[in-house]
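One letter stands for each residue in the lines below.
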Amino acid sequence: MEVLELTRSLISCPSVTPKNEGVLDLLEKELSELGFICHRYLFSDHNTPDVDNLFAKFGSGSPHLCFGGHTDVVPVGNLDSWSYNPFQPTERDGRIYGRGASDMKSAIGAFVCAAGNYIKSPDFKGSISLLITNDEEGPAINGTKKVLQKLYEDGEKIDSCIVGEPTCPNKLGEMIKIGRRGSLTSKITIIGKQGHVAYPQWTLNPINPLTKILSNICNINLDSGTNDFPPSNIEVVNVSSSDGASNVVPEIATGQLNVRYNINHNEESLTKIFDEVVKEEVGDSEYDFKIEYNNSAEPFLTEKGEFINIIKESVDEVTGLDAALTTTGGTSDARFFKDYCEVAEFGLIGETAHQVDENVKIADIESLEKIYYSIIEKYFK
Ligand SMILES: [Zn+2]
């Protein structure tokens, strides 16, 4: 199959997380025909949906280059707002429209075709694989993380990985991601005493210390960034209190924060800072409090060595641009690969990802296939 045809078939499967809807069968069939050995991994866990994953490998020598990606897509949102059916890929004015066109079914199509063409060469001695999950957009518990763990237990060694997430803001070739920030969520709960607003002497309003705590945390200057990372940033994402009425002081108030942090920090250093702020305000008071943390990603940076050079040279050669090496944006499955191998991310333009009328330029998909081919060629030289 050529790249556009494969991309179209992938988009036609309505694989909204965690539903597979035949998308992995289709990919497995295509890769098997090219000579890849395919394994499917179905993982389950408490309170999360079961997820199907695919690992396909060609060759058994080293080095081993892996492509990481996901076939699941986010929901379509308001279907009436779409110009075309999101699961009937539609070509208009040199663009292809459909859910997953940008994030990231076209990149999977491009990599499969690039790898498929490259492995025809009779003197290929390395290994090329694809690790494709159907849950990157959801909880990501039964996806890439577990497949990597299983492969590791089975003695599979991946040397380098390129994740095909859309990394370019406006033009194909503008940006390669060589690391990502960490993400820590904190939920601060203050428990006071409910009562009548007209008799504050008999109540303990938890909103008063909570607002001070949130304000103090937001005024912390964590750092001013590094050469490769923007400054760490704290945002309050939710404030709430127990249901009441306009004449009732609530018993409980909760504030939620999210920190996107660079390599100057880690989970331990950040939780220590926040714990101190909370304790300073309510530690020796009549209020009770609870602080919960969820660190969903540690920051990482891939050293600018040969692998990054190969990617940058390939991107620059095909696009004629001078790609920036950055660590901006949200988290991705690269956060799991980084524990096993060097990893970088390059893919299409992400401007319409997750939006109504998600689309990409058809010419960009073709260029991406050329870029991936060039990366593979240089990598195995
Ligand atoms: Zn994605």
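Residues numbered from 1 in each chain as written. Predicted model: local features only at pLDDT ≥ 70, side-chain atom pairs only at ≥ 80, totals over all residues. Heavy atoms only, no water.

**Some details on the coordination of the zinc ion**
(1) Moving on: Coordination of the zinc ion by the protein involves His70 (NE2), Asp103 (OD), Glu165 (OE) and Glu165 (OE), with metal-donor separations of 1.9 to 2.7 Å.
(2) Moving on: For the zinc ion, the 4 donor atoms in the first shell make angles of 52 to 139° at the metal, a pattern classed as irregular. (Donors = N, O, S within 2.8 Å, 3.2 Å for Na, K, Ca; no water. Tetrahedral: all angles 85-135°; square planar, octahedral: opposite > 155°, others 65-115°.)

**Some words on the domain arrangement of the protein chain**
(1) Moving on: Segmenting the protein chain into domains produces domain 1 (3-180 + 299-379) and domain 2 (182-297).
(2) Moving on: Relative to domain 2, the C-alpha centre of domain 1 lies at a distance of 37 Å.
(3) Moving on: At the interface, 10 residues of domain 1 touch 12 residues of domain 2.
(4) Moving on: With both sides pooled, the region where domain 1 packs onto domain 2 buries about 850 Å², and carbon together with sulfur makes up 63% of that total.
(5) Moving on: Area buried by domain 1 at its contact with domain 2 is led by Pro299, Leu301 and Thr327, which between them contribute 54% of it.
(6) Moving on: Joining domain 1 to domain 2, the criterion identifies 1 salt bridge.
(7) Moving on: As a salt-bridge pair, Asp228 and Lys304 come within 2.8 Å of each other at their nearest N and O atoms. (Domains from an automatic or database assignment. Contact = heavy atoms within 4.5 Å. Buried area = accessible area lost by both parts, 1.4 Å probe. Salt bridge = Lys/Arg side-chain N within 4 Å of Asp/Glu carboxyl O.)

**Concerning the environment of Val356**
(1) Moving on: In this fold, Val356 is placed in the loop between strand E18 (342-345) and strand E19 (359-361).
(2) Moving on: With 280 residues separating them in the primary sequence, Val356 and Val76 have C-alpha atoms 6.8 Å apart.
(3) Moving on: Setting aside its immediate chain neighbours within four residues, Val356 contacts Val76, Asn78, Ser81 and Trp82. (Helix = DSSP H or I, 4+ residues; strand = E, 2+ residues; numbered from the N terminus.)

**Observations concerning the pairing of strand E3 (residues 64-70)**
It is a general feature of regular strands that their side chains alternate between the two faces of the sheet.
(1) Moving on: Summarising burial for E3: 7 of the 7 residues are buried, a large majority.
(2) Moving on: Along E3, one buried face is formed by His64, Cys66, Gly68 and His70 and the opposite face, lined by Leu65, Phe67 and Gly69, is buried too.
(3) Moving on: Two elements, E3 and strand E6 (residues 127-133), share 7 bridges in a ladder whose sense is parallel. The residue of E6 that forms the bridge with Leu65 is Ile128. (Buried < 20%, exposed > 50% of the residue type's maximum accessible area, 1.4 Å probe, protein only. Pairing = 2+ DSSP bridges.)

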